[in-house]
Amino acid sequence: YVKGADNIEPQARLDDLKIIQEIVNKCGVKTRIVSAPEVEVEDLGDLGKHHDVSPRPPAPAELLKPRPPVVTVMGHVDHGKTTLLDSLRGAAVAAGEAGGITQHIGAFTVKLSNGEQVTFLDTPGHAAFSAMRARGAHVTDIIVLVVAAEDGVMAQTREVIQLALNENVPIIVAINKIDKPEADIDKTKRDLMQMGLVLEDQGGDIQAIPISALKGTNLELLTEAVSTQATIMGLKADPAGLIEGVVVESKTDPHRGKLSTAIVTRGTLRKGAVLVSGLAHAKVRGLFDHNGKPMTQAPPGTPVEILGWRELPLAGDVILEVETEKKAHSVLRWREHEAKHHKAEEAVDEIRKKEEEHL
Ligand code: GTP
Ligand code: MG
């Protein structure tokens with residue numbers, strides 16, 4: 001494969017390739033010249049890479065302000081994640097879900113008794129949703145791993161531990177359902193140790209707190225553990241300037257149009273902001289909290305429902321604010337162009353792979 005060959009005149013390219021082929025052949029390496037499909041690339045005039053946007057470089061330390069931790073509750077199916085979050089926010093979502101299985105990522109903020117705010121993300125526990133869960137971990141500062149004491153460590157528990165270790169996200173374990181007669185806290189702890197988690201009572205630094213999400217037992221201990229961990233991490237963000245965020249979920253509401261739930265990671269989101277995310281853009285028409293109450297602004301660490309998307313953004317994609325709609329349009333045009341180009345490159349890769357098999 002000859003790099004840069006596409007900048008040469010077609011005939012010259014073939015001649016050059018033949019010369020190269022001859023040289024390579026002399027080294028005893030077999031070669032073949034194949035042609036890749038003609039790739040039609042739109043001429044974008046002066047529109048270039050500089051029209052794209054990317055996250056800004058980190059802000060200087062003196063501009064950073066404390067922000068709430070983003071905590072994702074993860075664990076095996078039915079181990080009690082949604083019930084735990086319900087108890088924490090005093091609502092009853094789990095009872096209303098189809099079959100009690102969470103099919104989306106919910107996000108909300110709770111105020112702890114000490115006045116601190118914590119943002120929680122609920123994730124589905126079913127194996128089919130692991131991709132979504134992996135995305136959930138991207139915005140996560142802390143993982144609360146829910147393990148039912150009657151079952152101990154199960155397939156998706158292991159998956160979460162692996163994910164947390166790979167992504168270097170601290171874990172706090174909630175050993176749940178301790179109100180049940182079958183609950184075996186010691187066995188659950190042994191299971192966790194076997195997975196390589198060194199718990200606090202074994203001299204490690206991972207807290208494992210026995211709770212009952214249903215009865216509300218020890219929830220205070222759990223939230224204390226979360227806020228202690230958050231304090232250790234000293235989470236901060238710059239609340240000024242163009243916003244940055246991550247899409248947590250998105251959907252089309254029959255009455256309100258295209259919506260996304262997002263976590264702001266930098267800047268303070270306000271109505272009227274122009275956003276781009278992947279190949280989608282928005283002029284923000286409304287901001288809502290998890291109860292559907294209008295918000296005037298969303299600072300870093302806050303989950304917010306955003307109204308005003310022209311296209312639906314994808315969960316896990318980064319959101320960036322741009323100065324004007326005109327800028328948003330050129331960013332999207334450039335990104336669409338790049339996406340097309342990328343597709344064409346993939347087609348070439350495909351041929352390359354087939355050829356390699358042939359050789
Ligand atoms: P998925 O979202 O499907 O992964 O499940 P989940 O982890 O959110 O579990 P969910 O909260 O829906 O709870 C599953 C079942 O366990 C429900 O019937 C809950 O009532 C029950 N449950 C949850 N926590 C407790 C607990 O502390 N004690 C008892 N006895 N039951 C619990
Ligand atoms: Mg659930």
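Residues numbered from 1 in each chain as written. Chains lettered and ligands numbered in written order. Predicted model: local features only at pLDDT ≥ 70, side-chain atom pairs only at ≥ 80, totals over all residues. Heavy atoms only, no water.

Visitor: Describe the nonpolar core, and please don't skip the residues or the numbers.
Guide: Leu84, Phe120, Val144, Ile211 and Leu222 are the most contacted members of the largest nonpolar core, which has 24 residues in total. For this core, the secondary-structure elements that each account for two or more residues are strand 2 (70-75), helix 2 (81-89), strand 3 (106-111), strand 4 (117-122), strand 5 (142-148), strand 6 (171-176) and helix 6 (219-233). In terms of residue count, the dominant contributor to this core is helix 6 (five residues). Val144 has contacts with Val71, Thr72, Val73, Met74, Leu84, Ile172, Ala174, Leu222 and Val226, leaving out every residue within four places of it along the chain. (Core = buried A, V, L, I, M, F, W, Y, C linked by side-chain atoms within 4.5 Å. Buried < 20%, exposed > 50% of the residue type's maximum accessible area, 1.4 Å probe, protein only. Helix = DSSP H or I, 4+ residues; strand = E, 2+ residues; numbered from the N terminus. Contact = heavy atoms within 4.5 Å.)

Visitor: Can you break down the environment of Ile211 residue by residue, with the values?
Guide: Here Ile211 shows up in the loop between strand 7 (208-210) and helix 6. For Ile211, a relative accessible area of 0% corresponds to the buried category. If sequence neighbours within four positions are ignored, Ile211 has contacts with Leu84, Ala174, Ile175, Asn176, Lys177, Ile178, Thr217, Asn218, Leu219 and Leu222.

Visitor: Help me get a handle on the confidence of the model for the chain, residues and values and all.
Guide: Residues of the chain with pLDDT of at least 70 account for 83%, and the chain-wide mean is 84. Put simply, helix 3 (residues 130-136) is where the chain has its lowest mean pLDDT, 50, and strand 11 (residues 269-270) is where it has its highest, 98. Scoring of the predicted complex yields 0.79 for pTM and 0.98 for ipTM. (pLDDT = per-residue confidence, 0-100.)

Visitor: Would you mind going over the sheet that holds strand 7 in detail, with residue names and values included?
Guide: Read from one edge to the other, the open sheet built from six strands follows the order 3-4-2-5-6-7, with strand pairing classed as mixed. Strand pairing shows two members of the sheet lacking a second neighbour, strand 3 and strand 7, which therefore form its edges. With strand direction ignored, the average angle separating the axes of adjacent strands in the sheet is 25°. Relative to strand 5, strand 2 is paired through five bridges, and the arrangement is parallel. Within strand 5, the residue paired with Gly75 across the bridge is Val146. Packing against the sheet, helix 5 (residues 185-194) makes contact with strand 5, strand 6 and strand 7, and its axis sits at approximately 150° to strand 6. (Pairing = 2+ DSSP bridges. Axes fitted to C-alpha atoms, helices over the stretch in contact; angles between N-to-C directions.)

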